[in-house]
Amino acid sequence: MALTEYKAKRKFDRTPEPASQGRRARQQGPLHFVVQKHDASHLHYDFRLEMDGVLKSWAVPKGPSLNPSEKRLAVQVEDHPLDYRTFEGVIPEGNYGAGAVMVWDEGEVYVRRGASRAENERLLKNGLQKGKLKFTVKGRKLRGTFSLVRMQDGLRNPKGNSWLLIKADDAFASDADILKQERSALTDRTLDEIALGWAAEIQLDEALKAPMPRRIKPMLTTLVNASFDKPDWFFEIKWDGYRAIAEVQDGKVNLYSRNLLSFNEKFPVIVQALASFKGDLVLDGEIVALDDEGRPRFQLLQEYQENEERLVYYVFDLLYVNGYDIRKLPLRQRKELLKQVLPESDRIRYCDHVE
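These figures come from a predicted structure and were not determined experimentally.

S.K.: Just to check I follow, could you spell out the nonpolar core for this structure?
M.R.: Soluble globular proteins tend to bury their nonpolar side chains together. Formed by 34 residues in total, the largest nonpolar core has its most connected members in L255, L274, L283 and Y313. Elements represented by at least two residues in this core include exactly strand 10 (242–249), strand 11 (252–257), helix 4 (268–275), strand 12 (281–289), helix 5 (298–302), strand 13 (311–321) and helix 6 (331–341). What L283 contacts, discounting residues up to four positions off in sequence, is A244, I245, A246, L274, F277, Y313, V315, D317, L318, L338 and L342. One finds F33, F47, V109 and I194 within the second-largest nonpolar core, a separate group that totals 31 residues.

S.K.: Sorry if this is basic, but what is going on with the pattern of salt bridges here?
M.R.: When the charged atoms of two side chains lie near each other, side chains of opposite charge can form a pair. Under the counting rule described, the total for this entry stands at 25 salt bridges. A salt bridge links R10 to E78, with the shortest nitrogen-to-oxygen separation between them at 3.2 Å. Highlighted residues: R10 in the loop between helix 1 (4–8) and strand 1 (31–39) and E78 in strand 4 (residues 72–80), separated in sequence by 68 residues. Considered together, R10 and E78 belong to a single accessibility category, that of buried residues. Residues R327 and D325 are paired through a salt bridge, measuring 2.7 Å at the closest nitrogen-oxygen approach.

S.K.: Even after reading the chapter, I still don't get the pairing of strand 2 (residues 43–51), so can you show me in this structure?
M.R.: For a regular strand, side-chain orientation follows a simple rule: the groups alternate between the two sheet faces. When you tally the buried positions in strand 2, you get eight out of nine residues, the bulk of the element. In this sheet, strand 2 lies alongside strand 1 in antiparallel orientation, the contact comprising seven bridges. Across the sheet, residue V35 finds its bridge partner in strand 2, namely F47. In sequence, strand 1 turns back onto strand 2 through a hairpin of three residues. Where strand 2 and strand 3 (residues 54–60) come together, seven bridges link them in antiparallel fashion.

S.K.: Where do I start with the pairing of strand 12 in this structure?
M.R.: In terms of burial, strand 12 is a largely internal element, nine of the nine residues being buried. Burial along strand 12 is two-sided: L281, L283, G285, I287 and A289 facing one way and V282, D284, E286 and V288 facing the other are all buried. Sheet topology places strand 10 next to strand 12; seven bridges connect them, and they run antiparallel. When the sheet's bridge partners are listed, A246 is paired in strand 12 with L283. One ladder, built from nine bridges, connects strand 12 with strand 13; its direction is antiparallel. Following the sheet pairing, E286 is matched in strand 13 by Y314.

Scoring rules and cut-offs
- Residues numbered from 1 in each chain as written.
- Predicted model: local features only at pLDDT ≥ 70, side-chain atom pairs only at ≥ 80, totals over all residues.
- Heavy atoms only, no water.
- Core = buried A, V, L, I, M, F, W, Y, C linked by side-chain atoms within 4.5 Å.
- Buried < 20%, exposed > 50% of the residue type's maximum accessible area, 1.4 Å probe, protein only.
- Helix = DSSP H or I, 4+ residues; strand = E, 2+ residues; numbered from the N terminus.
- Contact = heavy atoms within 4.5 Å.
- Salt bridge = Lys/Arg side-chain N within 4 Å of Asp/Glu carboxyl O.
- Pairing = 2+ DSSP bridges.

Interpretation note: all reported values are geometric properties and have no functional meaning in isolation.
Here is the structure:
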């Protein structure tokens, strides 16, 4: 029942994850399972079973399958507290497992139908000890019987924590790709919507609510006579390109220069990439063309029609997000929010900084 490893990996003043059980372990009612979709360094699914007062957990890189012929790798990880069963949100950058977390599926689990909670828990614990768990789930997406089978120790399982998640050939078996059901079982949100929703809730208040600002003239650099080194300053790369503001709303994009001239027709590949973003955003960044070594070359940018494949929009500031004008927030907070709302894209990249 100890959560020593779980707690050692987390700093609870920096992550919204539950620090402990939060309440006493359930003593009655059915046992529960949860599958959480987790967009960390690699997108994966966490399969968790209530057992012995905690959530026994396996990371499933490819997610569960309804096809009995598909054996999915499941790597056993640290136990999680029971309150993690309803955790949905964003683990901020710099924390273990940083990224959006969704409750993809949840429901009841049992080994023997009609047996008591205590008997089903005993059977699960016995299966875990023997390295072969067979159980039935009654979720919103997953139904029927599954097995978790520990792989034999050796080259394929050097740490002894590799298992296989296998669907039984029952009435709920199917060739259909269940992972195409992408919305949360709790809130009906996608991972992108969870990330964007978090950005509009954390560190923001009612005073910042406002319509999207239009035709923004970006902040410009100021010439100084000497270099400086102070702890409150951020240092960023000076990109050799075109400064650009991007207004993204309902899939429509207005991309324009520091002088408010439209870039929509000049850089359609950047506009197309921005149009796929979810939510309402105003971004500040620089359009550049990269050479073969990944360095910006202004000459390539001037010949952009011949070098479309080299175009990248580096974004270094977030000015507006989902109903909130955040220009008065400290830059540190704006950039932290930017990292959370900016989807992965070859064309649109986050511009980091050095403190």
